[in-house]
Amino acid sequence: MRQALEQTLADPEPDQSRLDWLWTLVEPQIQARLERRVERRIKESRLPVRRTFAEFNWDFQPGLDQDHILELATLRFLSEGKNLLLGGESGTGKSHIAEALALLACMDNRRVRYTTSADMLADLNASLADNTLEEALKPYVRADLLLIDEVGLEQVERKMASRSGLMQKVIFPRYNAKRSTVITSNIPWEAWADYLDDQFGATAILDRLLHHSHVISIKGPSYRDWVHQQEVGVRRPKQRART
């Protein structure tokens with residue numbers, strides 16, 4: 001600000017009001033502070049990548065309700081304490097949508113925590129060994145927005161951990177505090193009992209997740225598979241016509 005003051009005194013604008021002059025000093029400081037705060041939120045969130053809706057290929061998933069997704073992008077569902085469940089096969093855009101929403105929440109100065117289901121289960125399971133579970137739960141429970149990605153893809157972790165019990169310790173306090181949770185999964189919601197190996201536990205978890213929630217099931221092809229096929233087609237040399 002001192003440097004900005006020296007600059008404005010050295011090169012004043014004769015028609016500038018006192019308020020506008022003061023704003024030229026203050027605005028860069030405010031902007032810099034906001035940018036640092038957003039960067040801190042993004043770093044703390046542990047988002048693997050910074051995805052945006054501008055990058056999303058809406059035409060590839062024509063069955064997806066774009067208006068609904070853009071309504072979620074207003075983050076009103078966070079203020080209302082609602083959850084978002086995104087289901088569908090691998091490559092259909094679930095994680096992209098979830099991560100774009102998480103990035104917007106960081107920019108809105110919300111506490112965000114990203115984790116895969118495998119990483120969260122491994123983290124919580126490890127804390128059982130040294131009696132630090134209560135401390136390990138805090139970042140998952142206290143976040144304004146918790147994004148649990150890839151539920152159902154973990155293999156080793158679900159054999160090691162009591163999935164239902166550990167999941168309950170995260171979901172139940174968040175539900176009671178009306179904090180929003182976003183989950184992406186390739187497992188149909190009705191199949192969670194088999195996934196958790198606990199009929200009653202699965203019912204209790206889903207009851208809280210589905211209460212006051214948005215549920216979106218994406219039925220479409222895999223974008224990653226389509227990109228791979230395009231790349232293969234480009235690399236494959238054309239066969240010369242036989243004469």
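A.B. asks: Residues and numbers for the nonpolar core, please.
C.D. replies: Ranked by size, the top nonpolar core spans 29 residues in total, and within it Leu64, Ile69, Ile97, Leu145, Val182 and Ile216 carry the most contacts. Elements supplying a minimum of two residues to this core: helix 2 (18–45), helix 3 (66–72), helix 4 (76–79), strand 1 (83–88), helix 5 (94–107), strand 2 (112–116), strand 3 (145–151) and strand 5 (213–218). Among the elements that make up this core, the one with the highest residue count is helix 5 (eight residues). Judged by nonpolar contacts, the second largest core, of 27 residues, contains Leu166, Val170, Ile187 and Leu196.

A.B. asks: Would you mind going over the pairing of strand 1 in detail, with residue names and values included?
C.D. replies: Within strand 1, six of the six residues are buried, which leaves it mostly tucked inside the rest of the structure. Alternating residues of strand 1 divide into Asn83, Leu85 and Gly87 and Leu84, Leu86 and Gly88, and every residue in both groups is buried. Here six bridges tie strand 1 to strand 5, and the two strands are oriented parallel to one another. Its bridge partner being in strand 5, Leu84 is matched across the sheet by His214.

A.B. asks: Any chance you could break down the sheet that holds strand 3 for me, citing the residues and the numbers?
C.D. replies: Judged by pairing direction, the sheet is parallel, and its five strands sit side by side in the order 2-3-4-1-5 without closing on themselves. The sheet terminates laterally at strand 2 and strand 5, the two strands that pair on one side only. On average, adjacent strands in this sheet sit at an angle of 10° to one another, irrespective of strand direction. Here strand 3 pairs with strand 4 (residues 180–185) via five bridges, running parallel. The partner of Val151 across the bridge, within strand 4, is Ser185. Packing of helix 11 (residues 199–210) onto the sheet brings it into contact with strand 1, strand 4 and strand 5, and relative to strand 1 it is tilted by some 115°.

A.B. asks: Break down the pattern of salt bridges for me, with residues and values.
C.D. replies: This structure, assessed with the given rule, holds eight salt bridges. Glu39 is paired through a salt bridge with Arg50; the nearest N and O atoms lie 2.9 Å apart. With Glu39 in helix 2 and Arg50 in the loop between helix 2 and helix 3, the pair connects residues that are 11 residues apart, well separated along the chain. Judged by its relative accessible area of 39%, Glu39 is partly exposed. The salt bridge involving Glu80 is made with Lys82; its shortest N-O contact spans 3.6 Å.

A.B. asks: Describe the packing of aromatic side chains, listing the residues and the values that go with them.
C.D. replies: For the structure shown, the criterion picks out two aromatic pairs. Relative to Trp58, the ring of Phe53 has its centre 6.2 Å away and its plane inclined at 20°; by these criteria the two rings are stacked. We classify Phe53 as buried; its relative accessible area is 10%. Here the aromatic residues Phe53, Phe56 and Trp58 are joined through ring pairs into a cluster of three or more. Here the guanidinium or amino end of Arg113 rests over the ring plane of Tyr140, the centre of that ring lying 4.9 Å away. Residue placement shows Arg208 over the ring face of Phe172; its charged tip is 4.0 Å from the ring centre.

Conventions and cut-offs
Residues numbered from 1 in each chain as written. Predicted model: local features only at pLDDT ≥ 70, side-chain atom pairs only at ≥ 80, totals over all residues. Heavy atoms only, no water. Core = buried A, V, L, I, M, F, W, Y, C linked by side-chain atoms within 4.5 Å. Buried < 20%, exposed > 50% of the residue type's maximum accessible area, 1.4 Å probe, protein only. Helix = DSSP H or I, 4+ residues; strand = E, 2+ residues; numbered from the N terminus. Pairing = 2+ DSSP bridges. Axes fitted to C-alpha atoms, helices over the stretch in contact; angles between N-to-C directions. Contact = heavy atoms within 4.5 Å. Salt bridge = Lys/Arg side-chain N within 4 Å of Asp/Glu carboxyl O. Phe/Tyr/Trp six-rings, centres within 6.5 Å; stacked < 30°, edge-to-face > 60°. Lys NZ or Arg CZ within 6 Å of the ring centre and 35° of its normal.

That is the geometry; function is a separate question.
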